[in-house]
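For reference, the chains in residue letters:
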Amino acid sequence: MAEAEKQILVLKQADLFRDGEQLRIQMSNEFPDYIGVLHKHKFIEVVYILSGSAMHYVEGESGRVGKGDLFIINMDTPHAFVPVDDPNDPFLSYDLLFTAEFFDRSLTGEHAIEALNDSYAFYSLFGGGQPRHPYFSVSGSSYTVFGELFHRIYLEYRGREKGYVEIIRGYMIQLIITIFRLNEAKGEARAQKLGTQPIEYVLEYIRRNYNRRISASELAEKVYFNPDYLARIFKEHTGHSITGMVQKVRVEAVCKLLSTTRQTIFQIARDCGFEDMKFFYKVFKKHMGVLPSEYRKQTSHLR
């Protein structure tokens, strides 16, 4: 881009969103002043190109993009689509804008929201962990389902009939899950590209949810991997099976509570995810070499 164009325009939610709303969808030609302008914003943007082509500038990189390409651009990521001039095939895209709060489960009460927020793909883009991905893309005009979903969202947004926000939210969940399913279809190839990120996500998920029942199949679904494949690469990267890691994290939590609280051993075991006390004693002795009561005597400073 030319030097003068490198000034970054900061778009505010109030510039584009209707009062009280957490989303907006528009056609790119409805706001021509923003086309080709490097900008960033505090909301998430999904762009689906309907026709034509453009140079896409994002995070210091650039590349030519065209019909059928889709991009999810995270908050505070400078980017711009500069159309390639072609009178016979003008650049046109859907721009779907929404805040992170739009998928707040407290606004919906839908279990689908919780499942979406707990998925690796959604978390890596929009979750609280760092680093967040600046952008995400899917290429290929064969994904016509995207165009259909954007069109439905656009019509609902324009029509503003009763319940339109809830309908749009449902379409957007379908849109995002479809994007990630397509992009994660080749599990092993995707894992090689991502390196250890899925494993790190699984570890963090275990640390945050050790006190409830966790299955290997549940974790595999969250990172879009085959359960057997996830089990193998998890063992390669951590030296533990998934079940073994869950037990390790639980025992670590038990040890902390034994040393710092006067709670009963039974209560501590239950609070840390152990449902069977006989199994708990067996696992604790295996990891720590002593029984819980002996560990408490050795480490507790409470008298």
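Quick note: structure is the one above.
Since the model is a prediction, treat every value here as computed from it, not as a measurement.

Each value, and the rule that gives it
Residues numbered from 1 in each chain as written. Predicted model: local features only at pLDDT ≥ 70, side-chain atom pairs only at ≥ 80, totals over all residues. Heavy atoms only, no water. Salt bridge = Lys/Arg side-chain N within 4 Å of Asp/Glu carboxyl O. Helix = DSSP H or I, 4+ residues; strand = E, 2+ residues; numbered from the N terminus. Buried < 20%, exposed > 50% of the residue type's maximum accessible area, 1.4 Å probe, protein only. Expected span 1.5 Å × (residues − 1). 1 Å grid on protein atoms, 1.4 Å probe; cavity = no way out; pocket = protein on both sides within 12 Å on 5 of 7 lines; lining within 4 Å. Points joined across faces, edges and corners; volume = space filled by probe spheres on them. Nonpolar A, V, L, I, M, F, W, Y, C, P; charged D, E, K, R; others polar.

Colleague: Please provide a residue-by-residue account of the pattern of salt bridges, values included.
Modeller: When charged atoms on two side chains of opposite charge get close, those side chains can pair. What the rule picks out here adds up to 9 salt bridges. The shortest N-O distance in the salt bridge between K42 and D76 comes to 2.9 Å. Of the two residues, K42 is situated in the loop between β3 (39–41) and β4 (44–51) and D76 in the loop between β7 (70–73) and β8 (79–83); the sequence distance between them amounts to 34 residues. On the accessibility criterion, D76 (37% relative accessible area) is partly exposed.

Colleague: Break down helix α9 (residues 227–238) for me, citing the residues and quoting the values.
Modeller: Taking 1.5 Å of rise per residue, 12 residues should cover 16 Å, and α9 covers 16 Å from first to last C-alpha, within 8% of that figure. Of the residues trailing α9, G239 is marked for its positive phi of about 80°.

Colleague: Go over empty space enclosed by the protein with me, naming the residues and quoting the values.
Modeller: The tally for this structure, following the rule as stated, stands at 1 cavity of 30 Å³ or more. Space inside the largest cavity adds up to approximately 220 Å³. What lines the largest cavity is a set of 20 residues, and nearest its centre among them are Y34, I35, H39, E45 and D95. Secondary-structure elements contributing two or more residues to the lining of the largest cavity are β3, β4, β8 and β9 (92–98). Here the residues of the lining of the largest cavity sort into 12 nonpolar, 6 polar and 2 charged.

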